[in-house]
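Examining the three-dimensional arrangement
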Amino acid sequence: MKVFFSSFLGVVAGLFFIFFITILIGVAASSSSNDMEVFENTTLQITLEGLIEDRPNAANQLLFELLDQPQSLSLTDILVTLEAARIDPKIDAIWLKIGLFDAGYASLQELRNALKAFTEEGKKIISSGKIYTQKAYYLASVADEMIIAPQGILEISGLSSAPIYWKEAFDKLGVKAHLIRGNDNIYKSAGEPFISSEMSSANREQTSARLNSLWSSIESDIFQSIPELSESSKWDDMLNSQPLLQAEKALQYGLIGHALYPDSIKGFLENLLSYEIKKKQIIGISQYKKSIKKPSGAHKIAVLVAEGEIKDGNGGNDGSITDGGMAEAISKIRKDKRIEAVILRINSPGGSALASDMIWQNIRLLAEEKPVYVSMGNVAASGGYYIAAPCKKIYASPMTITGSIGVFGLMFSAEELMHNKLGIKTQQVGTHPLSNLIAIDQGPSKEVLAVLQNNVNHTYDRFKSVVSEGRQIDLLKVDSLAKGHVYSGNDALEIGLIDEFGGLLDVIEDVQSTLDEPARLVFFPKQKDPL
C-alpha cells in the first residue's frame, strides 16, 4: 500500500511539473514573438494599473502573470514605446484606461511630457476611468478628452506629509533610540521620528518648501492643459472644501469633459477621429512594443538602472542596489567597446554610505572612459546623489526629490525594558574599555558616542568633498547646501545641484545627438531570464 501511494504521488507530482513547464514555455513563446503587424489608423491602448517602476524585476513579473495578478508597469518601456508611437504614422490616437495605479510624481511628469509630445504631432488622446485619483487626474489632464463613469469619483486634495513619530511608544516599551548625525545635519530627518515626539522646525521648513514646490509644478502643468481652471474660483473651492467629487460635480467644475459608461467609449473615440475603429486597430502597449524595430547599427547607449535602496553586498534582484551588483554591471559596460555613452538612471533614496562610495568609485572610473549622463527619477537623494556626482551632466524633473547631502547613524538600546520589565541583564567582559561598543541592554557611553560621531562626521566630510569635486562647486558652497537638506528638482536646478530639466527621453535624445549614428539602447544590470 505504501508503494502504491508513493507511486501515485510521484505520478501526480510529475504531471504537475509537466503542466507547470508547459505553461512556462507557452508564456515564453507568447512573450518572445515579434511578428506583430500594426495597421493604419491604429489606436494605442494603455491600461494603467498597478505600480509603475523604472524597471520591474523580471522574475516577479512572470510570477504575477502566472498568478493572473496585476504586473508592475515599466516606466522605461512605456516611455520608449510612446516615443516610437509619436513618430509612427500608423498610430493616430492613445486611449488611456485609468485604473488604480501608483507612481511618483516625477515619473508621472515624465510620462505626461511624453503624452504631451504625442499630442503635439496632431494626434489625439482620450482617458477613461471609474476613479481618478489626484495622480491619475494629473496624468490624464494632458488628454484631449477626459471621460469618467457616470457614478465615478475624482479626488484632488493637494499634497501632505505625515511621518509617524515613535518616541513615546518606545518610552513606554523601555526602548531608546540614539541618533548620530553629521555635525550640522539639522535637515537629515530620517531618524527624527525615533528620538522626538514632533517634527523639528528645520524638517517642517524643508518639508513645507518641498511640498509647495511640487504642488506648484502640478498646478502649472494642469493649468497649461486646461487654462480655464486657473481662471475660475472653483479650483480653490474644490481644494479647500470638496476634495472628493462625484462625476456630476466634476463635470460642473470643468475638471472632466464627459460622463460615459465603458460601452459608449469606443463610439466616442470614433466620433473624435471621424472614422470607424475595427478590432484590429486597437493595440495594447505590450503588443505594439513587439512591432518596434530597433536600430540595427553596432553602436550602443547603455542605460544603467539604479533603483531602490543602496545596500552592501551582491545581486540586487530584490529591488535594491548593491555595490557588488553595480560593479559587475559597470565592468561589462567598460569592456563593451560598442557602448559609446552611458545613462545612469537613478531612483533611490540612498542607503549604505560605504556601498555608495564603492559604487561612486566604479562610476568615476567608468566616466573616465565613456561619457556618463544622469537621469534622476522620483528620488535621487543622499547616496542616490552621491553616486551621481562624478557624471558629466545631471538631468532631473522639477518634481524629483534630490540633495540630502548628509549622514546619520541610528541605533537602539533597551536597558529599561530588559532590566526593569523583563529582568534580563548581560555581564560584559572585555580586553579594552571600548571592546563592546554596542550592547542591547545599555545605552552608549559618552566615549562610544564620541567614536560614532567622529565616524559619521568623517563620512559627511567625504560626501561633501565628493560633491565638490564631481560638480566642481566650491566646498564652502557645498557646505551651505548640505546639512542633509532635501530639495525639489526646481530648487536643485536653481542652486546648481542639477544641470538641466529633462526626463529619460530627453537624456536619450541629447546623448544620441552627440553620436555619429543612431545607437540602440541596452539596459544594465542584465536581468536573468526567469525560465
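Note: the structure precedes this text.
Given the structure is predicted, the values throughout are model-derived calculations rather than measurements. (Residues numbered from 1 in each chain as written. Predicted model: local features only at pLDDT ≥ 70, side-chain atom pairs only at ≥ 80, totals over all residues. Heavy atoms only, no water.)

When you go through the chain residue by residue, the secondary structure sums to 20 helices and 20 strands. Counting every position in the chain, which comprises 531 residues, the buried fraction comes to 46%. If you sum the accessible surface of the chain, you get close to 26600 Å²; carbon and sulfur atoms cover 54% of it. (Helix = DSSP H or I, 4+ residues; strand = E, 2+ residues; numbered from the N terminus. Buried < 20%, exposed > 50% of the residue type's maximum accessible area, 1.4 Å probe, protein only. Areas by Shrake-Rupley, 256 points an atom, 1.4 Å probe, with all protein chains shown as cover.)

With that settled, consider the environment of Asp102. With respect to the helices, strands and loops of the structure, Asp102 is situated in strand E3 (residues 91-102). A sequence separation of 54 residues divides Asp102 from Leu48, and the C-alpha atoms of the two residues are 8.8 Å apart. Look past the residues within four positions of Asp102 in its chain and what remains in contact with it is Gly50, Leu51, Ile52 and Lys135. Only 3.0 Å separates the side chain of Asp102 from the side chain of Lys135, close enough to count as a polar contact. (Contact = heavy atoms within 4.5 Å. Polar contact = N/O pair within 3.5 Å; in protein donor to acceptor, adjacent residues only side chain to side chain.)

Moving on, we get to helix H11 (residues 265-273). Count 3.6 residues to each turn of an α-helix, and residues three or four apart come out pointing the same way. Listed in full, the buried residues belonging to H11 are Ile265, Phe268, Leu269, Glu270 and Leu273. Residues of H11 that are buried in the fold lie against strand E1 (42-53), E3, strand E4 (124-132), strand E5 (145-155) and strand E8 (258-259). Positive backbone phi, approximately 65°, marks Ser274, located one or two places after H11.

Considering all chains together, one arrives at 6 aromatic pairs under this definition. Seen in terms of ring centroids, Phe223 and Trp235 are 5.3 Å apart; in terms of plane orientation they differ by 75°. Their pairing is edge-to-face. Here Trp235 lies in helix H9 (residues 234-241) and Phe223 lies in helix H7 (residues 201-225), a separation of 12 residues in the sequence. The residues Phe223 and Trp235 share a single accessibility class, namely buried. An aromatic cluster of at least three residues, connected via ring pairs, comprises Phe170, Phe194 and Phe412. Across from the ring centre of Tyr460, 4.1 Å away, lies the NZ or CZ of Lys464, which sits over that ring. Directly above the ring of Phe524 sits Lys526, whose terminal nitrogen or CZ lies 4.7 Å from the centroid. (Phe/Tyr/Trp six-rings, centres within 6.5 Å; stacked < 30°, edge-to-face > 60°. Lys NZ or Arg CZ within 6 Å of the ring centre and 35° of its normal.)

Moving on: a nonpolar patch on the surface. A surface patch of nonpolar side chains, about 310 Å² in accessible area, is lined by Leu434, Leu437, Ile438 and Val451. Here Leu434 shows up in the loop between helix H16 (415-421) and helix H17 (446-471). (Patch = residues over 30% accessible without salt bridge, like charges linked within 9 Å, V, L, I, M, F, W, Y side chains within 5 Å. Salt bridge = Lys/Arg side-chain N within 4 Å of Asp/Glu carboxyl O.)

Let us now look at the environment of Ala355. In this fold, Ala355 is placed in helix H14 (residues 353-367). Along the chain, Ala355 and Lys311 lie 44 residues apart, while their C-alpha atoms are 6.0 Å from each other. Leaving out residues up to four positions away in the same chain, Ala355 has contacts with Ile310, Lys311, Asp312 and Asp323.

Time to look at the pairing of strand E14 (residues 372-381). Of all 10 residues in E14, 10 are buried; the element is thus mostly enclosed. Where strand E13 (residues 339-348) and E14 come together, 6 bridges link them in parallel fashion. Looking at the pairing, Leu344 lines up with Val374 of E14. Read as a crossover between parallel neighbours, the route from E13 over H14 to E14 is right-handed. Looking at chain direction, E14 and strand E15 (residues 393-396) are connected through 3 bridges and run parallel. (Pairing = 2+ DSSP bridges. Right-handed = clockwise from strand over helix to strand, strands pointing away.)

Moving on to unusual backbone geometry. Residue Phe524 is joined to Pro525 through a cis peptide bond whose omega torsion reads -5°. With respect to the helices and strands, Pro525 occurs in the segment after strand E20 (520-524). Phi at Ser404 takes a positive value of approximately 55°, unusual for a residue other than glycine. Ser404 sits in the buried class, given a relative accessible area of 7%. If you check the backbone angles, Gln472 has positive phi at about 55° while not being a glycine.

This next bit is on the pattern of salt bridges. Under the definition given, this model contains 17 salt bridges. Close ionic contact of Arg334 with Glu369 constitutes a salt bridge, the shortest N to O distance being 2.6 Å. In this pair, Arg334 is assigned in helix H13 (residues 323-335) and Glu369 in the loop between H14 and E14, connecting sequence segments 35 residues apart. Here Asp499 and Arg471 are joined by a salt bridge, their closest N and O atoms 3.0 Å apart. With Asp499 in the loop between helix H19 (489-495) and strand E19 (500-501) and Arg471 in helix H17, this residue pair connects regions lying 28 residues apart in the sequence. Where salt bridges share partners, they join Asp54, Glu110 and Arg345 into one cluster.

Leu44, Tyr137, Trp235 and Leu255 are the most contacted members of the largest nonpolar core, which totals 73 residues. With residues near it in sequence (within four places) discarded, Tyr137 still touches Tyr132, Met146, Leu154, Ile156, Ile222, Ile226, Leu229, Leu255 and Ile256. One finds Ile363, Ala389, Val456 and Ile498 within the second-largest nonpolar core, a separate group that totals 50 residues. (Core = buried A, V, L, I, M, F, W, Y, C linked by side-chain atoms within 4.5 Å.)

The next point concerns the environment of Val478. Along the chain, the position of Val478 falls in helix H18 (residues 475-481). Note: C-alpha distance between Val478 and Ile495 (17 residues apart in sequence) is 9.9 Å. Dropping the residues within four chain positions of it, Val478 is found in contact with Lys464, Val467, Ser468 and Ile473.

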